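Results of the structural survey
Letter by letter, the chains look like this.
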Amino acid sequence: LVFLILLTVTAFITVALTYFQLAVEDHHWWWRAVMVGGSAGIYVLGYCVYYFNYKAKMSGFMQTSFFFGYMGMVCYGIWLMLGTVGFFSSLYFVKYIYR
């Protein structure tokens, strides 16, 4: 349920920001839609840095490299997934309003 809410909110926010961008006659919305949708992955990466510095009791090169390596891949996956949702929701929106 929470995953569906995340996808829905990402789609709505991206469509709203694409609308604002098109309203000022800036028609280069493609990469901005991907970045807006994927910004949650950047937020998660920032939280991972906070968690590592203040909550986790990890030390040493191997633990640090494994933690940031795996979390970097997870955050990149989140960025790709939500960026794709944002892009396609904006694409359908633009096709609908310019039909």
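Residues numbered from 1 in each chain as written. Predicted model: local features only at pLDDT ≥ 70, side-chain atom pairs only at ≥ 80, totals over all residues. Heavy atoms only, no water.

A few words now on helix 3 (residues 61-97). Across its 37 residues, helix 3 extends 52 Å between first and last C-alpha, which sits within 8% of the 54 Å expected from 1.5 Å per residue. For helix 3, the set of buried residues is Phe67, Cys75, Trp79, Leu82, Gly83, Gly86, Ser89, Ser90, Leu91, Phe93 and Val94. (Helix = DSSP H or I, 4+ residues; strand = E, 2+ residues; numbered from the N terminus. Expected span 1.5 Å × (residues − 1). Buried < 20%, exposed > 50% of the residue type's maximum accessible area, 1.4 Å probe, protein only.)

What follows is about the side chain of serine 89. The residue serine 89 is located in helix 3 in this model. When sequence neighbours within four positions are dropped, the list of residues in contact with serine 89 reads Ala11, Thr14 and Val15. (Contact = heavy atoms within 4.5 Å.)

Here we come to a nonpolar patch on the surface. On the surface, Leu1, Ile5, Val9, Ile13, Leu17, Tyr19 and Phe20 cluster together to form a nonpolar patch covering roughly 750 Å² of accessible area. Along the chain, the position of isoleucine 13 falls in helix 1 (residues 2-23). Under the relative-accessibility criterion, isoleucine 13 is labelled partly exposed at 46%. (Patch = residues over 30% accessible without salt bridge, like charges linked within 9 Å, V, L, I, M, F, W, Y side chains within 5 Å. Areas by Shrake-Rupley, 256 points an atom, 1.4 Å probe, with all protein chains shown as cover. Salt bridge = Lys/Arg side-chain N within 4 Å of Asp/Glu carboxyl O.)

Now for the packing of helix 2 (residues 30-54) against helix 3. In contact at an axis separation of 7 Å, helix 2 and helix 3 are set at 155 degrees when each is read in the N-to-C sense. Comparing the axis directions of helix 2 and helix 3 gives the class roughly antiparallel. In this structure, the crossing between helix 2 and helix 3 has a hand that is right-handed. Among the residues making up the contact of helix 2 with helix 3, the classes are represented as 20 nonpolar, eight polar and no charged. (Axes fitted to C-alpha atoms, helices over the stretch in contact; angles between N-to-C directions. Parallel < 35°, antiparallel > 145°, perpendicular 65-115°, else oblique. Left-handed = near helix turned anticlockwise from the far one by under 90°. Nonpolar A, V, L, I, M, F, W, Y, C, P; charged D, E, K, R; others polar.)

Read these as geometric descriptors, not functional statements.
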